[in-house]
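Topology and contacts: notes
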Amino acid sequence: MSRIDSVHAAGGVEVWEVSSLGTTAHNFHIHGVSFRVLSVGDGDPDAVDRGPKDTVKVPKDGSVVRLLVTMPEHASETVPYMAHCHVLQHEDMGMMMQFTVVEPGQEASAPRTLSMQGAGHAKH
């Protein structure tokens with residue numbers, strides 16, 4: 001829980017690529033942000049995947065799902081956001097990532113670990 005996997009600029013817009021390496025599809029969810037599905041594999045997203053999302057189905061075939069992610073305006077080096085799949089067994093195993101959102105230009109100097117004593121709770 002003290003690990004920060006990535007740091008992003010508040011209000012920034014990024015393209016994330018997500019894929020499944022397993023034999024099952026995954027529902028990928030990002031806490032506290034919205035995104036738009038740009039593509040699934042080589043095709044356009046289905047109608048259900050158009051519009052603002054916080055969760056998307058990632059196919060089991062290894063197809064890359066491209067997301068246009070808009071970072072929140074709230075910045076904090078000590079209160080991380082989470083991204084994870086909604087496969088319960090994976091959540092139980094702690095398979096998730098944490099990221100922080102900081103003021104633009106502060107990404108390189110932001111900590112990559114949190115003190116558990118001073119750490120806040122992840123945004124939901």
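Scroll up to find the structure this text is about.
1. Overview of the pattern of salt bridges
By the definition in use, this model includes two salt bridges. Residue Arg-3 is joined to Asp-5 by a salt bridge in which the shortest nitrogen-to-oxygen separation is 2.5 Å. A salt bridge links Arg-66 to Glu-17; the nearest nitrogen and oxygen atoms lie 3.4 Å apart. Highlighted residues: Arg-66 in strand β6 (residues 65-70) and Glu-17 in strand β2 (residues 13-18), separated in sequence by 49 residues.

2. Structural notes on the sheet that holds β2
What holds strands together in a sheet is hydrogen bonding between their backbones, with the strands either parallel or antiparallel. The strand order β2-β6-β4 describes an open sheet built from three strands, whose pairing is antiparallel. Only two strands of the sheet have a single partner each, and these edge strands are β2 and β4 (34-40). Going from strand to strand, the sheet's axes swing by 25 degrees on average, the running direction of each strand aside. Pairing of β2 with β6, which is carried by six bridges, proceeds in the antiparallel orientation. Of the residues in β6, the one forming a bridge with Val-13 is Thr-70.

3. Looking at the pairing of strand β1 (residues 6-9)
By the alternation rule, side chains of β1 split into Ser-6 and His-8 and Val-7 and Ala-9, which are all buried. Alignment of β1 against strand β8 (residues 96-102), held across four bridges, turns out to be parallel. By the bridge assignment, Ser-6 is partnered in β8 with Phe-99.

4. Side note on the sheet that holds β1
The five strands lie next to each other as β1-β8-β7-β3-β5, forming an open sheet whose pairing is mixed. Since the sheet does not close on itself, it has two edges, and those belong to β1 and β5 (55-58), each with one partner. Averaged over all neighbouring strand pairs, the angle between strand axes comes to 30 degrees, with direction disregarded.

5. What to know about the side chain of Thr-100
The topology assignment puts Thr-100 in strand β8. Using a relative accessible area of 0% as the deciding quantity, one classes Thr-100 as buried. Excluding residues that lie within four positions of it along the chain, Thr-100 makes contacts with Ile-4, Ser-6, Val-7, His-8, Ser-76, Glu-77, Val-79 and Pro-80.

Calculation criteria
Residues numbered from 1 in each chain as written. Predicted model: local features only at pLDDT ≥ 70, side-chain atom pairs only at ≥ 80, totals over all residues. Heavy atoms only, no water. Salt bridge = Lys/Arg side-chain N within 4 Å of Asp/Glu carboxyl O. Helix = DSSP H or I, 4+ residues; strand = E, 2+ residues; numbered from the N terminus. Pairing = 2+ DSSP bridges. Axes fitted to C-alpha atoms, helices over the stretch in contact; angles between N-to-C directions. Buried < 20%, exposed > 50% of the residue type's maximum accessible area, 1.4 Å probe, protein only. Contact = heavy atoms within 4.5 Å.

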